[in-house]
Structures are given as structure tokens and as C-alpha cells.
Amino acid sequence: MTTHPNHLELTTVDAQDSVRIELHGDLDHDNADLLVQEAVAQLTARPALTDLYLGCADLGAVDSMGLCALLMISRRTTEAGVRMHLDDRPARLDRLLTLTGTLDHLTAPPPAGSVTPSITGESAMAARPTGPDSTT
Amino acid sequence: MRCNDAAGPLLPAAAPGTSLVDVAPAWLCAAHTRLASPGPHPVPETGLTLRGDIGGRHFEAHPTVRGDGSVAWWLVDDTGHQLAREALRRERERSAFLAKASNVLLASLNLGRCMDGTAHMAAENLADAALVIAPARGQRLPVVTCVRGGAPATTTVTVDLDEVPGLAEALRGFPPVPSRWIDPATAPGWMTPERFGPVGSIVITPLPGHGVPAGALILLRATETAAFSDEEEAFARLFAARAGAAMSAARLYAEQSTVSDMLMRELLPPDLHQISGVDFAGGYRPSADHERIGGDFYDVHPATVEGAGALVSLGDVCGKGLEAAVLTGKIRNTLHALLPLADDHQRMLSLLNTALLSSHHTRFATMVLASAVRRGSAVDLKLTSGGHPSPLIVRADGTVEEADTHGTLIGAIPNVSATTTTASLAPGESCVLYTDGITEAKGGPMGDDLFGDERLKRALAGCAGMPAEGIVEHVQMLAAQWLGNRPHDDMAVVVISAPRTHHLSAVNGHTRGRFTA
């Protein structure tokens, strides 16, 4: 696809109500923004979108900034009511997502309702005085 | 002698019959005498054009020896040419001076040296003495004074800016007041250097910085020196522009380095040592060796209450540089504030996650929390990973176990979860917390292999029984060897060990007495 196998190249394919972005190369510190920009541009340009597919078959290394970008796209798609799909994930990407505990978050279907930033039970506990917790 | 009509107005005294000595200037007479003297001429005439002034103008004189032995002097007026040549020479000197000034001033990013250099060069080239004034901090002005032939001296003076016309304006960056409007007699004492004598003329020029004035330059000339011409004032402004740019660059750099110094002091990983009978050691290598802070961090907090464990946190913030450092600072502060909850790792991580969530970005951190408490000669551990590589436990027999804890990264997703595991270290056993900078170090014999989990485990197997510092240094050394000179990510290692020294008293009846060698 490209002469620099490490440099991220994006190929965007439009369909009726979905967009597919093929990722070629590394998703890392230097070019993670590229993917976020492209995805956000697609989301903005096409309000009727229902699905965003990220084709990962040719994806190279993904570093923490790359994961940061995927999390950002996931957040934006959820806000827009669009479902994000990470297709053809290489084993390496799965390992990273598993290690960081983000596999379910990034691959699960979005919740039906709105996203509420709640940590169930924790807010109630946080309101409690901390004294009893610090006993030996 | 005879002369034509054109020579008449030039040498009004030249009438036929008068002697050349009486009418012509000395340089022409001397040349004539040389030429008219009998015998072979010692100097070939070619290429040697005679020049001199007559009546305020400049002439070239070309002799022609005529057949009758008389000499015809052709005088060619080249005053314009000469003026142009003189102007060109001055301009060349000035550009050379400006180029030199830029070199000298930009060679240093130290504001003090920049001010010294400015004052020194101005005193040597533009005036008899020069003062460079940095923008005021309150009423006090830092001033560098330099007299021609002397060395720059720095003082701080308390000044009423209005007592010097034009100074307040110059410090605010307004165009300079013409020199002739400034009465040298009004110059206050601090402006006149010692043993300088009365001031003849003054130029005050702003030093324009990057968007803000960088200060003012004051040039002084003694009474016996000619006052500043308009041209000289304009040139002083050119010099001031360069000096101002250099000084403001130096000031910006100084501010920046103050900021990063301050951040660094706050963010540098701590020196670790033994706390409550548990050995801790840590090592950190930032991705760029000239940066001292980066995206990895670790801390060890002693127990807040007696009997509870010391809390170790080690983590990796995504990204690098200042942004990563700022997030690192936030995390370390928040964790510190959450120390009373140190017993409940999951709750700590949840609260930290909530504190870090931002609508602007999904920057996250992965981290491991470890609580370590001494129970007899053993150390009990509680380990929780928030999306971070699991800690490795090095047993006394060289077995390396991966702690069974998994969790979600912190700071990007509203709902996080993590599992906590417990472990116990016998004396001489260690728990190794590390960041992926170690395992993802790219290098080795072929240059593109990752150091990897397996290689790290094998290396740690050989570290059984080593003290905590030894393991940290060994891991760092192996990673450094693996990398060679290749670029790498931040690398951090923390080792928690159950010390063997205390075990000596417990040798009796304990099977692990063999470790006390």
C-alpha cells in the first residue's frame, strides 16, 4: 500500500449508512491524531451514520497514544449514537486491549441509553466519612 | 605655470607665471617635484593614482609629461565617488558589526550574559558608555553599565522612571525620543558611570522583544565626543532590535526552564529505601536521556496508620513530554490524597479514574498498586493492576510468577474494574513492578526484537535472592544492553523485597536458614 510500511495510511470507504476506514501501518504517537480527525470528520459530515468500521487487518504496532485515539473515537461514536467496530483485529491489538481492560469497552455494543459516568456504589461510598476505612 | 578655464575657479591664485608651490596644495606640489626631477623615475607611474583634497573637494591628479619637459596635471573631481566609497565602507562595517552582534548575542541563552554582551558591544562601537536596562520588577531596575574599554557591571537601581525623559516610553516599547530632545544635564546619577565626566549626549532606544519590550538601551557620549547624528541613532535602533530579540529569547528560555525545573522537582521519582521492614528500590530512565521527567512514575507511601501496608504505585501515562508529565503529577497528587483508602485498591482506582476523566481527551494511565506489609519475616502483598502489565514475583528458588491481577486502564472510560490478588514474600523473595518500556525495548542482536515478557522472566529467574537494588540495576542494565543506542520509551522498575538480614535472628527452626550465607 505504501512505501513506508510504518506510516499510518487511511482508506475510507463510504456505504449507505456506514463508513469503513482501513488502517494500514502503525497507530502510534506520531499519527494517532490522523485517525481521530478522519473519524470525527466522518461523524460530523454524516449525521445519519449508524456504523463506523475500523479495518485493522493491516494495522501495525499500536502504542498508548494509538489506544488513546481508539478510546476517543469510541467516545465520539457513542455520543453520536454510532456503533464502532474494530474488525479483523490482529492478535497483538487484542493482547493490548485485554491487558488494558478495554477490549469489552471497545468491542461491546453501545448501551441503549445514554452513557452515564457512574461508578456504581462508589459515589455512595465516597460520601461516607473516611474514618472507619482507615482502621487497622 | 598655466591653467585652463576650468582650473581657474579651483585654484583662484593660479595666474600664469606664479609658482606652483604658491597656488597648489602640498600633495600636488610634492608629486610635481618628484616627477619633474631629472633622471629616471624610480616609481613606475602606472596604477598609482595620485589623490588629494583641493578646496574641500577630492581630486584625482593625472600627470602628462610633455615634449618640452613641462608637466600637464589633469585634475579629475571624484568627490562623489569618494563619498560613495566612504558610505559603502561605513555600511560594510555596520553590517559586519550587526552580524557579529547577532552571533555574540544569540550564542547565549543566559539573560545576564546577553545584557552584558549588549552593553559591551554598544560601548565599544556606538558610544562612550552604554547602559542596558531590563524591564522593571516593581520599582527596581536591573541595569548593566559598560564604559568603553571597561567590563560590564550589573547593578540594581531604584528609579523614578519619569526623571529621565524617554526612558519610561522606551521601557514600554514606544518609539525612541530623538537624542537632541534629551538634555544631558538632567541625567540622574545612576545613569552616569563613575569617572565618566559630564555627559555630552544621550540616546535612549527601546529593546524590542518578541511582542513585549525587552528593556531599553541607553547610549552616552562624553562632552568631547561628537553628538549622535540621526544616522547613528537609526543605527543604534537596528542594533537594539537585534539585542532586544536575543534578550527576549533568553528571557523566554529562562522562564521555560524555571517552569520545567519546578515541574521536575515535583515529578522526579523519589529515592526509595527500606520502610517498616520492607525493602523498596526503584529505577527510572526517561525516553530521552536529556529529559528527566516523562510518562512513567512511581511512588512509595508509608502506611498512614500503624500496621497497614506501605502503598507502592507504579504507572505509565500515555503520551510523552510535558503533557504526560502534567497528567503524571495529577495522578500522583490524587493518589496521595486517597492514601487513607490505601487498603481498598479497587476503590482507589475508581476514585482516581473519576478524578482524571476529562471530556477533552482520553489520555489515560495504566498502573499497578501494591500494598506491602511486614508480617514476621515475610512480607504480605496486595496487588492490583489497572490495565498494567502484571507484577512478577521472584521466588527464592528462581521461579517467576505473574501476579494474577487484571483491570481497566485509568482516566478514559467511565466504568473501571480491577481484580486484586494477594501474595506473600519469604525473606529474599521479591516482587517486580515494571512499565512496558522494559518489555517493549526494541533491540537485541537483530535490532528489531522486543525484549519481551519471557526474556524479562528469564532474567529475573537469575535474580533469585538478590537484594532489591540489585534486581533494579540488573533489569535496567539488561534493558540498556538490549537497546544499545536505539530510541526507547520511558522505563521504570520498582522492586519490593522481603529483606533477608532480619531473617538471621529467625534461623532457628526455619527452613529458609540457608539464605543467610
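This text gives an overview of the structure that appears in the document. (Residues numbered from 1 in each chain as written. Chains lettered and ligands numbered in written order. Predicted model: local features only at pLDDT ≥ 70, side-chain atom pairs only at ≥ 80, totals over all residues. Heavy atoms only, no water.)

A few points about the overall build of chain B
- Of regular secondary structure, chain B possesses twelve helices and 20 strands.
- The contacts of chain B with a sequence gap of at least 6 include a subset with a gap of at least 24, amounting to 61%.
- Surface accessibility of chain B: about 25000 Å² in total, with carbon and sulfur atoms responsible for 55%. (Helix = DSSP H or I, 4+ residues; strand = E, 2+ residues; numbered from the N terminus. Contact = heavy atoms within 4.5 Å. Areas by Shrake-Rupley, 256 points an atom, 1.4 Å probe, with all protein chains shown as cover.)

As for the overall build of chain A
- Of the regular secondary structure elements, chain A holds five helices and four strands.
- From first element to last, N terminus to C terminus, chain A shows the α and β order β-β-α-β-α-β-α-α-α.
- Taken over 136 residues, chain A has a buried fraction of 38%.
- Summarising the internal contacts of chain A: among those between residues at least 6 apart in sequence, 67% fall at separations of at least 24.
- Of the roughly 7300 Å² of accessible surface on chain A, 54% is carried by carbon and sulfur atoms. (Buried < 20%, exposed > 50% of the residue type's maximum accessible area, 1.4 Å probe, protein only.)

Quick look at the layout of surface pockets
Residues and elements named next belong to chain A.
- In this structure, the largest pocket occupies an estimated 1600 Å³ of space.
- It is helix α3 (residues 91-99) that provides the largest number of residues to the lining of the largest pocket, a total of six residues.
- Split by residue class, the lining of the largest pocket holds 17 nonpolar, 17 polar and 16 charged. (1 Å grid on protein atoms, 1.4 Å probe; cavity = no way out; pocket = protein on both sides within 12 Å on 5 of 7 lines; lining within 4 Å. Points joined across faces, edges and corners; volume = space filled by probe spheres on them. Nonpolar A, V, L, I, M, F, W, Y, C, P; charged D, E, K, R; others polar.)

Remarks on the pairing of strand β10 (residues 296-301) of chain B
Residues and elements named next belong to chain B.
- For β10, the buried fraction is high: six of the six residues fall into the buried class.
- Taken together, the six bridges between β10 and strand β11 (residues 310-317) define a ladder with antiparallel strand orientation. When the sheet's bridge partners are listed, Asp296 is paired in β11 with Asp316. (Pairing = 2+ DSSP bridges.)

So, the pattern of salt bridges
- For the coordinates displayed, the defined rule picks out 21 salt bridges over all chains.
- Taking the shortest distance from any N to any O, the salt bridge between Arg94 of chain B and Glu231 of chain B comes out at 3.4 Å. Of the two residues, Arg94 of chain B is situated in helix α4 (residues 79-106) and Glu231 of chain B in helix α7 (residues 230-267); the sequence distance between them amounts to 137 residues.
- A relative accessible area of 39% means that Glu231 of chain B is categorised as partly exposed.
- In this structure, Lys457 of chain B and Glu402 of chain B form a salt bridge, with 2.9 Å as the shortest nitrogen-oxygen distance. Of this pair, Lys457 of chain B sits in helix α11 (residues 452-461) while Glu402 of chain B is found in strand β15 (residues 400-402), placing the two residues 55 residues apart along the sequence.
- Accessibility expressed as a relative area gives 44% for Glu402 of chain B, which makes it partly exposed.
- One salt-bridge network, held together by shared partners, links Arg20, Glu22, Asp87 and Asp88 of chain A. (Salt bridge = Lys/Arg side-chain N within 4 Å of Asp/Glu carboxyl O.)

So, α3 of chain A
All names here are of chain A.
- The complete set of buried residues in α3 reads Leu93, Leu96 and Leu97. One side of α3 carries all its buried residues, which in axial view fall inside an arc of 95°. Across α3 from its buried face, at more than 90 degrees, point the exposed residues Ala91 and Arg95.
- On its buried face, α3 is in contact with β3 (51-62), α2 (64-79), β4 (83-87) and α4 (103-107).
- Directly after α3, the chain includes Gly101, whose backbone phi takes a positive value near 70°. (Arc of directions from axis to C-beta.)

Observations concerning the side chain of Thr435 of chain B
Residues and elements named next belong to chain B.
- Tracing the backbone through its elements, the reader meets Thr435 in the loop between β17 (430-434) and α10 (436-439).
- Since its relative accessible area comes to 0%, Thr435 is described here as buried.
- In this structure the side chain of Thr435 is engaged in a polar contact, spanning 2.6 Å, whose partner is the side chain of Asp296.
- Ignoring anything within four residues of it in the chain, the contact list for Thr435 reads Asp296, Leu314, Gly315, Asp316, His388, Asp490, Met491 and Ala492. (Polar contact = N/O pair within 3.5 Å; in protein donor to acceptor, adjacent residues only side chain to side chain.)

Overview of the packing of helix α1 (residues 32-45) of chain A against α2 of chain A
Residue and element names in this part refer to chain A.
- Closest axis-to-axis distance for the α1/α2 pair is 9 Å, and the angle between their directions is 10°. Classed by the angle they form, the pair α1 and α2 counts as roughly parallel. Seen from α1, the contacting residues are Ala32, Leu35, Val36, Ala39, Val40 and Leu43; seen from α2, they are Met65, Gly66, Ala69, Leu70, Met72, Ile73, Arg76 and Thr77.
- Classifying every residue of the contact of α1 with α2 gives eleven nonpolar, two polar and one charged. (Axes fitted to C-alpha atoms, helices over the stretch in contact; angles between N-to-C directions. Parallel < 35°, antiparallel > 145°, perpendicular 65-115°, else oblique.)

Describing the sheet that holds strand β3 (residues 71-77) of chain B
All names here are of chain B.
- Read across the sheet, three strands follow the order β1-β2-β3 without closing on themselves; strand pairing throughout is antiparallel. Each having just a single partner strand, β1 (50-54) and β3 make up the two edges of the open sheet. Ignoring which end each strand starts from, the neighbouring axes of this sheet average 40° apart.
- Judged from the seven bridges that link them, strand β2 (residues 57-65) and β3 form a sheet pairing that is antiparallel. Across the sheet, the residue bridging to His62 is Trp74, located in β3.

Description of the sheet that holds strand β5 (residues 140-147) of chain B
Residue and element names in this part refer to chain B.
- Read from one edge of the open sheet, five strands run β6-β5-β4-β8-β7, paired in antiparallel fashion. Of all the strands in the sheet, the pair left with one neighbour each is β6 (153-158) and β7 (199-208). Strand after strand, the sheet turns through a mean of 25° between neighbouring axes, direction not considered.
- Two strands pair when backbone bridges link them, and β5 and β6 are joined in this way by six bridges, in the antiparallel orientation. Bridge pairing links Val143 to Thr155 in β6.

A closer look at the nonpolar core
- One finds Leu27, Leu35 and Leu54 of chain A to be the most contacted residues of the largest nonpolar core, which totals 36 residues.
- Only β2 (18-27), α1, β3, α2, β4 and α3 of chain A provide two or more residues apiece to this core.
- In contact with Leu27 of chain A, not counting residues within four places along its chain, are Leu8, Ala32, Leu35, Leu59, Ala61, Val62, Asp63, Gly66 and Leu70 of chain A.
- Counting residues in each nonpolar core, the second largest holds 32 residues, with Phe97, Ala122, Phe228 and Ala243 of chain B among its members. (Core = buried A, V, L, I, M, F, W, Y, C linked by side-chain atoms within 4.5 Å.)

Description of helix α12 (residues 468-483) of chain B
Residues and elements named next belong to chain B.
- Spanning 16 residues, α12 covers 23 Å between terminal C-alpha atoms, matching the ideal 22 Å at 1.5 Å per step.
- Residues of α12 that are buried: Ala468, Gly470, Ile471, Val472, Val475, Leu478, Ala479, Trp482 and Leu483.
- Just beyond α12, the residue with positive phi is Gly484, at close to 60°. (Expected span 1.5 Å × (residues − 1).)

Considering unusual backbone geometry
- Unlike most non-glycine residues, Asp88 of chain A shows phi in positive territory, near 50°.
- On the basis of relative accessibility, which here comes to 48%, the residue Asp88 of chain A falls in the partly exposed class.
- In this model, Ser276 of chain B sits at a positive phi of 45°, which is unusual for a non-glycine residue.
- The residue Ser276 of chain B is located in the loop between α7 and β9 (279-285) in this model.

Observations concerning the environment of Leu103 of chain A
Residues and elements named next belong to chain A.
- Residue placement: Leu103 occurs in helix α4.
- Assessed through its relative accessible area of 23%, Leu103 is described here as partly exposed.
- Sequence separation between Leu103 and Leu86 is 17 residues; the distance between their C-alpha atoms is 10.0 Å.

Points about the packing of aromatic side chains
All names here are of chain B.
- Applying the stated criterion across every chain yields a total of three aromatic pairs over all chains.
- Ring centres 5.9 Å apart and planes at 45° place the aromatic pair Phe97 and Phe235 in the tilted group. In this pair, Phe97 sits in helix α4 while Phe235 sits in helix α7, placing the two residues 138 residues apart along the sequence. Taken individually, Phe97 and Phe235 each receive the classification buried, so the pair is uniform in this respect.
- Feature note: the residues Phe97, Phe235 and Phe239 constitute an aromatic cluster, connected by ring pairs. (Phe/Tyr/Trp six-rings, centres within 6.5 Å; stacked < 30°, edge-to-face > 60°.)

Scope: geometric values only; no functional claims are made or implied.
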